[in-house]
Amino acid sequence: MLSLTTMRLIVSITILLSSLCEAILPRYFPVYFLCLHHGIGLSIRQLKRVLSRRGLRRRNNTSDADDILNAIETELRGSGSIGGYRAMQQRLVNIHGLVVDKETVHQILKIVDPAEALKAFAGEKSFMYGKSVSNRHIEEWWGQLRRGCMDWWINYFKDLRDNGLYCDSDIFHTECLRFCFMPILKEELNKVAILWNLHRIRPSTNPESPPGRPDMLYFMPEINNTRDCKTALDMDDVDVVGETLGLQGEHLNCSPDFISLANIIMRENGLLMPSDADGARSLYIELLGHIKDVEAGL
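Residues numbered from 1 in each chain as written. Predicted model: local features only at pLDDT ≥ 70, side-chain atom pairs only at ≥ 80, totals over all residues. Heavy atoms only, no water.

1. Let's talk about the pattern of salt bridges
And then number 1: Tallied over the full model, the rule gives five salt bridges.
And then number 2: Salt-bridge contacts for Asp-151 lead to Arg-146; the nearest nitrogen and oxygen are separated by 2.8 Å.
And then number 3: Judged by its relative accessible area of 41%, Arg-146 is partly exposed.
And then number 4: The closest approach of N and O atoms between Lys-230 and Asp-228, which form a salt bridge, is 2.7 Å.
And then number 5: For Lys-230, a relative accessible area of 42% translates into the label partly exposed. (Salt bridge = Lys/Arg side-chain N within 4 Å of Asp/Glu carboxyl O. Buried < 20%, exposed > 50% of the residue type's maximum accessible area, 1.4 Å probe, protein only.)

2. So, helix H4 (residues 85–94)
And then number 1: Within H4, burial applies to Tyr-85, Met-88, Gln-89, Arg-91 and Leu-92. Looking down the long axis of H4, one finds its buried residues gathered within 160° of arc, a one-sided arrangement. (Helix = DSSP H or I, 4+ residues; strand = E, 2+ residues; numbered from the N terminus. Arc of directions from axis to C-beta.)

3. Quick look at the confidence of the model for the protein
And then number 1: Of the residues in the protein, 72% have a pLDDT of 70 or more, and the chain-wide mean is 77.
And then number 2: Considering only residues more than four positions removed or in separate chains, one finds that residues 9–26, a stretch of pLDDT under 50, has five contacts.
And then number 3: This stretch, residues 120–130, has a pLDDT under 50; its non-local contacts, to residues over four places away or in other chains, come to eight contacts. (pLDDT = per-residue confidence, 0-100. Contact = heavy atoms within 4.5 Å.)

4. A look at the side chain of Glu-188
And then number 1: With respect to the helices and strands, the residue Glu-188 is situated in helix H9 (residues 171–198).
And then number 2: Residue classification places Glu-188 among the buried positions, given a relative accessible area of 8%.
And then number 3: Within polar-contact distance, the side chain of Glu-188 engages the side chain of Trp-153 at 3.1 Å.
And then number 4: Beyond its immediate chain neighbours, meaning those up to four positions away, Glu-188 contacts Ser-79, Cys-149 and Trp-153. (Polar contact = N/O pair within 3.5 Å; in protein donor to acceptor, adjacent residues only side chain to side chain.)

5. Structural notes on the state of the cysteines
By definition, a disulfide links two cysteine residues through a covalent bond between their sulfur atoms.
And then number 1: Here the structure, examined in full by the defined rule, presents zero disulfides.
And then number 2: Residue Cys-176 stays outside any disulfide, its sulfur separated by 4.1 Å from that of Cys-180, the closest cysteine.
And then number 3: A residue is classified by how much of its surface remains accessible, and Cys-176, at 0% relative accessible area, is buried. (Disulfide = S-S within 2.5 Å.)

Spelled out as structure tokens, the structure:
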């Protein structure tokens with residue numbers, strides 16, 4: 001049995017190590033991450049020399065103005081148009097890989113999107129403060145998902161229906177809509193996931209909500225004195241499950257017969273899969289037109 005003096009010493013050492021980790025880990029996190037997850041051994045000095053040699057800096061390395069403007073215009077043509085300049089800056093940094101500050105984005109949006117002045121504080125106005133209720137966390141998440149991109153898509157599909165381009169009782173319309181838009185919607189959701197996993201969780205009194213960025217908390221649980229709960233899987237088992245559930249193939253939500261028909265029409269007419277909402281809309285209209293021609297000839 002340990003003596004009281006020994007136990008006190010162990011407690012003191014534990015507290016000291018914890019304090020050192022909190023002070024030192026943020027500085028050495030990149031080196032620690034490279035070593036732990038990529039097997040790359042570097043010192044801080046080596047890492048700084050590599051970054052300097054390649055001209056990589058966190059600041060004072062702003063991206064070209066034309067690249068920033070082009071990326072903003074691309075986002076404004078899609079779901080990026082429903083957020084404020086803060087959300088736009090996060091998209092430019094995390095999705096497009098650009099280096100730009102919030103104020104620069106704000107000034108550009110004032111020029112290319114005057115309505116931005118009305119959304120400048122969208123982040124602060126998007127929360128309601130009140131008593132905690134059941135399912136509060138998931139409701140907050142659904143709200144953030146809608147504000148992040150889904151509201152734009154909901155309105156987009158409503159416009160298709162209101163303009164007579166989509167009828168949900170028509171099986172060809174439904175299949176064609178899925179075929180044309182599903183890959184883009186998946187990409188949109190992937191962007192939302194990236195932005196969410198890189199956002200900063202503020203410190204709070206809730207012990208079940210540790211501060212930090214979700215990616216860091218997931219890949220390095222040691223930072224918050226927790227353990228890695230991931231379970232290693234055999235990829236062969238994953239493939240078997242996918243085949244059993246019919247999850248193989250690029251278009252998971254279309255019938256095989258429609259996929260075959262659409263591929264034939266696209267091949268005969270030199271059509272390509274779209275990369276944005278406008279391209280998906282054009283393909284959707286053109287495919288339906290060819291399908292009507294096929295029906296008329298039967």
